Amino acid sequence: MKLAYWMYAGPAHIGTLRIASSFKNVHAIMHAPLGDDYFNVMRSMLERERDFTPVTTSIVDRHVLAQGSQEKVVDNIVRKDHEETPDLIVLTPTCTSSILQEDLQNFVERASLEAQCDVLLADVNHYRVNELQAADRTLQQVVQFYIEKARKKGELPSDRTEKPSVNIIGMTTLGFHNNHDRTELVKLMGDLGIEVNLVLPDKASVKQIKQLPRAWFNLVPYREVGPATATYLQEQFDQPTVDITPMGIVETARCIRTIQKVLNEQGAAVDYEAFIDEQTRFVSNAAWFSRSIDCQNLTGKKAVVFGDSTHAAAMTKILTREMGIHVVLAGTYCQYDEAWFRQQVSEYCDEVLISEDHGAIADKIATIEPAAIFGTQMERHVGKRLDIPCGVIAAPIHIQNFPVGYRPFLGYEGSNQLVDLIYNSFTLGMEDHLLEIFGGHDTKEVITKTVSADGDLNWTADAMTELNRVPGFVRGKVKRNTEKFARNHGHASIDVEVMYAAKESVGA
Amino acid sequence: MTLATPQPEKLEFDCDTGNYHTFCPISCVAWLYQKIEDSFFLVIGTKTCGYFLQNAMGVMIFAEPRYAMAELEESDISAQLNDYEELKRLCEQIKRDRNPSVIVFIGTCTTEIIKMDLEGLAPKLEGEIGIPIVVARANGLDYAFTQGEDTVLAAMVERCPTSDDLESPTDKAERNNFQKLLNFGRKTDTPEPTESPEYHDHPNLVIFGSVPDPIVTQMTLELKKQGIKVGGWLPAKRYTELPVLDEGDYVIGINPFLSRTATGLMRRRKCKLIGAPFPIGPDGTRAWVEKVCSVFGIEPQGLAEREAKIWESLEDYLAIVRGKSVYFMGDNLLEISLARFLVRCGMTVPEIGIPYMDKRYQAAELALLEKTCHEMGAPLPKITEKPDNYKQIQRIQEIQPDLVITGMAHANPLEARGINTKWSVEFTFAQIHGFANARDILELVTRPLRRNSSLSDLGWDKLVKEEAKV
Ligand code: SF4
Ligand code: SF4
């Protein structure tokens, strides 16, 4: 048993359902108690999905507990087959119902006899893996199922496409900015003259899976979902994998160069150097920003990075290499991916943290006192408490990660977006200057902040006027610092004199 | 309890497959930990439960969380670890970090499946750590959404002191606690002593159901106007202020989903249950207060005028809803009360879905619904217990109601198909009880109607290309 307040990754069935409901015309049946069907809420509310979520619960209640599911699961599968005529129904338990140890495989076999569609049991250990691992596994399982099916029927294509082509693997529903990343990557491939053979699983049909072997290579932008499928395809069809996340100018270039190598090995004779140079120096604004005078103020600022492996590693590299920011700590909650993560970030940060405990990272942030955090919604909350700005760079997914406007994280437009995110996360320029003047950088006594906010001190009218002259965005800080000073020096009220004494004392 | 008086036309009840969307009952933690300020809620379950609380309920952890998950791991499930020792370890940690007055164990489906004997463990554990432990089995196998509150309150029924407890000098520590409680209670809730001439002489009355503090004050005052003194609320703001319950005391529910608590009060504490419609809407509030008066033999004062005045003040909203239809898919068990109020407002209700229908506990409410329909000349709604959302959506497409009150999973897809919706959960969290809050209910109900009538002028009605294959 462990005391848990917060989870960075969801339970396994969420991963399975993300894969199933990403495909077109695939339905999922969840063998679970009534209250487990909140995936539908997440999809409909967070992603503002217009269609009904193709997930139905075959409800485990007191009756099922006493007598077993018997016909219930089979009936529900057959019913959905009639109602929705899906291509595939995926059956999954949740960690709760998996304890019942019912023979779900047997239900699947029986349902397959009656249903027109394919029926598959998600093969995931619900206690050993989390949402991300389960998603990776389920996608691979679905792909393998359809590849083998096509092979049996002799329907597997034996040749690659005429022109260079790619499968983009790992785009899912409820993925962090996946919808915008998808658009950006498709555009990037277009710019490189590469046909997109298939994007998987988002909006793909399972009928298209047998076309996967036609692509020249597989692009797997995320560590969390896709690698298992790419590995399988590589083994089966000798299809090369490019698994460099094209996030930030440098890594996007490295990804494109790897693609170039992969294509040239297959006889394409492409050269992307000119494209990379043009994009880097003139089209994208990210490189220019790094060079601009504005960005100078960022040099050496301290930052903490935390997130899933993909985004935390990429962000660490961007901050250090492209912006000259000092990443004190880089961390991830993907514990199973520790080796890779360490190897990626070790040379770009002072310290690495691998933990699922939000308290551990919060404590680190409190002691490091970085100028900015790049983390998840949780670190954003921690930052709020400590008054440290935080840019959100990774799941757990939040409604704010489904902006209506275009906000990719990958590719060249992604780089521009990241620059804005980074820039806006630090306090800069004029604001910085003012903070300096009023001693706003003294963040050591964060604990007193809530105390002073209660305001047991009186401000004289003059002092209030003076305070109101301070620009709005630093006013709170100035007020707190002044009150702290007043309290420490035993002033019951604050007049202009006390205010300036406070300012001087901080300056001293 | 009043039973429905025979009517020429009867309500029709149906029970479907139970394939509907609702929230897990452990969600009650979200409002109960706020209501009971000195509590700590420990949900004993799996990652699935934890992720639900974190995500679907939008409950997030701030500086001082007063609830947590005891996450069961593989070794717990396979019974390699000793439940007692594990729970003790966690409780000691909670005591050290938060020192609550009570720890509420929330059982889940998993504790049911592995048959973890929480009720058996609690007494010994309680003794060892020195903090009361209340066990509620709010699992999703047996209950829906708001019924979670019912399981917690039903468990607390046993913890309410009797007046003998307060006088007996046996347990000193406890008595001191209760003394404090009494003084505290006097200062805040009810400034007047019982003998005050403002109050009639009547038996002790305790109200059960968790409502926000402003509602507690309003309803207490509402009864005070009739010379009735509220002896206490279950739950109170603090666990240490649980109401005194003696045999023969009167109890009345404020929420329609508390049938187990009601049963517990009657059976285990020998209290007398006052069965009334629920104080939602001016009609329900009047009926509720009237019922208490009639049980105590008090002539109600000025209630009819009060109700009429409220209706008058609602006229701007009533003009919007009159003649419109509202369909309840079924989610939080507030459906019957809300439907009854909305029929009185002039709406029609083709169907009321409801997770669970306790015809005895809701008898007075059902009778009032029937009566209201007859008086308003509205057709009687069909009541579907354990609905099937898929079939409901087909019916909704057919009858095209003006408004659908639905759980969160279906709101956006229905809106995309040009159907006005309102989330049922909003009624769970809004202040809807009493005379004055009728306005708030109508504010919620009319919001989609007002918003969407302005959008439809723009031609933004259906926002999906092909109709879904329902
Ligand atoms: S339905 Fe059961 S397993 Fe699911 S969240 Fe609720 S208590 Fe947990
Ligand atoms: S605003 Fe903050 S508290 Fe509210 S849901 Fe978003 S992250 Fe959580």
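Residues numbered from 1 in each chain as written. Chains lettered and ligands numbered in written order. Predicted model: local features only at pLDDT ≥ 70, side-chain atom pairs only at ≥ 80, totals over all residues. Heavy atoms only, no water.

**Details of the overall build of chain B**
- A tally of helices and strands in chain B yields 20 helices and 14 strands.
- By residue count, 59% of the 470 residues in chain B fall in the buried class. (Helix = DSSP H or I, 4+ residues; strand = E, 2+ residues; numbered from the N terminus. Buried < 20%, exposed > 50% of the residue type's maximum accessible area, 1.4 Å probe, protein only.)

**Quick word on the packing of aromatic side chains**
- If you walk through the whole model with that rule in mind, you get 16 aromatic pairs over all chains.
- Between tyrosine 38 of chain A and phenylalanine 52 of chain B, the aromatic rings sit 5.4 Å apart at their centres with planes inclined by 50°, giving tilted as the arrangement. Remark: phenylalanine 52 of chain B occurs in helix α2 (residues 47-55) and tyrosine 38 of chain A occurs in the loop between β2 (26-32) and α2 (39-46); the pair is interchain, linking two chains.
- Looking at tyrosine 38 of chain A, the relative accessible area reads 1%, which means it is buried.
- Each residue in the set Tyr38 of chain A together with Phe23, Trp31, Phe52, Phe145 and Phe429 of chain B is aromatic and connected to the rest through ring pairs, giving one cluster.
- One residue, lysine 124 of chain B, lies across the ring of tyrosine 84 of chain B, its end atom 4.4 Å from the ring centre. (Phe/Tyr/Trp six-rings, centres within 6.5 Å; stacked < 30°, edge-to-face > 60°. Lys NZ or Arg CZ within 6 Å of the ring centre and 35° of its normal.)

**Here we look at the interface of chain B and chain A**
- Chain B puts 71 residues into the contact, and the matching count from chain A is 56 residues.
- At the boundary of chain B with chain A, the tally comes to 5 salt bridges.
- Here arginine 417 of chain B and aspartate 51 of chain A are joined by a salt bridge, their closest N and O atoms 2.5 Å apart.
- Linking chain B to chain A there are 21 residue pairs in polar contact (both at pLDDT 80 or more).
- For the side of chain B that touches chain A, the elements supplying multiple residues, two or more each, are β2 (39-45), α2, β3 (67-71), α3 (74-77), α4 (83-98), α5 (109-113), α17 (389-399) and α18 (408-416) of chain B.
- Tallying contributions element by element places α4 of chain B first for the side of chain B that touches chain A, with 8 residues.
- A breakdown of the residues in the side of chain B that touches chain A according to their chemical character gives 40 nonpolar, 16 polar and 15 charged.
- Across 3 bridges, the pairing between strand β1 (residues 2-4) of chain A and β3 of chain B is antiparallel. Bridge assignment links lysine 2 of chain A to a residue of β3 of chain B, and that residue is glutamate 71 of chain B. (Contact = heavy atoms within 4.5 Å. Salt bridge = Lys/Arg side-chain N within 4 Å of Asp/Glu carboxyl O. Polar contact = N/O pair within 3.5 Å; in protein donor to acceptor, adjacent residues only side chain to side chain. Nonpolar A, V, L, I, M, F, W, Y, C, P; charged D, E, K, R; others polar. Pairing = 2+ DSSP bridges.)

**A short note on helix α20 (residues 461-469) of chain A**
Residue and element names in this part refer to chain A.
- Buried residues of α20: Ala463, Glu466 and Leu467, and no others. Down the axis of α20, the buried side of the element spans an arc of 100°, and every buried residue falls inside it. Away from the buried face of α20 by more than 90 degrees, exposed residues Ala461 and Arg469 are located. (Arc of directions from axis to C-beta.)

**A few points about the site of ligand 1**
- Pro33, Gly35, Asp36 and Thr96 of chain A together with Cys24, Ile26, Cys49, Thr108, Cys109 and Gly140 of chain B make up every residue found near ligand 1.
- Ligand 1 sits at a junction of chains, with neighbouring residues supplied by chains A and B.
- Here the residues of the shell around ligand 1 are counted per class, giving 5 nonpolar, 4 polar and 1 charged. (Near = heavy atom within 4 Å.)

**A short note on the pairing of strand β11 (residues 326-332) of chain A**
Residue and element names in this part refer to chain A.
- The buried fraction of β11 amounts to 6 of the 7 residues, a majority that puts the element mostly inside the structure.
- With 6 bridges joining them, strand β10 (residues 302-307) and β11 adopt parallel strand pairing. Across the sheet, residue phenylalanine 306 finds its bridge partner in β11, namely glycine 331.
- Viewed along the sheet, the connection from β10 through helix α13 (residues 309-323) into β11 turns out right-handed.
- Strand direction decides the pairing type here: β11 and strand β12 (residues 351-354), joined by 4 bridges, are parallel. Paired with threonine 332 across the strands is isoleucine 354, a residue of β12.
- For the segment spanning β11, helix α14 (residues 338-345) and β12, crossover handedness is right-handed. (Right-handed = clockwise from strand over helix to strand, strands pointing away.)

**Quick notes on the sheet that holds strand β8 (residues 217-219) of chain A**
Residues and elements named next belong to chain A.
- If you trace the 4 strands from one edge of the open sheet to the other, you get β7-β6-β8-β9, paired in parallel fashion. The open sheet terminates on both sides in strands that have one partner only, identified here as β7 (195-201) and β9 (241-242).
- Note: strand β6 (residues 165-171) against β8, 3 bridges, orientation parallel. By the bridge assignment for β8, asparagine 167 is matched with asparagine 218.

**Re the packing of helix α1 (residues 12-22) of chain A against helix α6 (residues 131-152) of chain A**
All names here are of chain A.
- In contact at an axis separation of 7 Å, α1 and α6 are set at 40° when each is read in the N-to-C sense. Relative to α6, the element α1 is oriented oblique. Regarding α1 and α6, the two cross each other, and that crossing is right-handed. Seen from α1, the contacting residues are Ala12, Ile14, Gly15, Thr16, Arg18 and Ile19; seen from α6, they are Glu131, Leu132, Ala134, Ala135, Thr138 and Leu139.
- Split into classes, the residues belonging to the contact of α1 with α6 amount to 7 nonpolar, 3 polar and 2 charged. (Axes fitted to C-alpha atoms, helices over the stretch in contact; angles between N-to-C directions. Parallel < 35°, antiparallel > 145°, perpendicular 65-115°, else oblique. Left-handed = near helix turned anticlockwise from the far one by under 90°.)

**Topic: the packing of helix α12 (residues 281-295) of chain B against helix α15 (residues 335-344) of chain B**
All names here are of chain B.
- The geometry of α12 relative to α15 is characterised by a closest axis approach of 7 Å and an angle of 115° between their N-to-C directions. Facing Gly281, Pro282, Asp283 and Gly284 of α12, the residues of α15 in contact are Arg340, Phe341 and Arg344.
- Looking at side-chain class alone, the contact of α12 with α15 contains 2 nonpolar, 2 polar and 3 charged residues.

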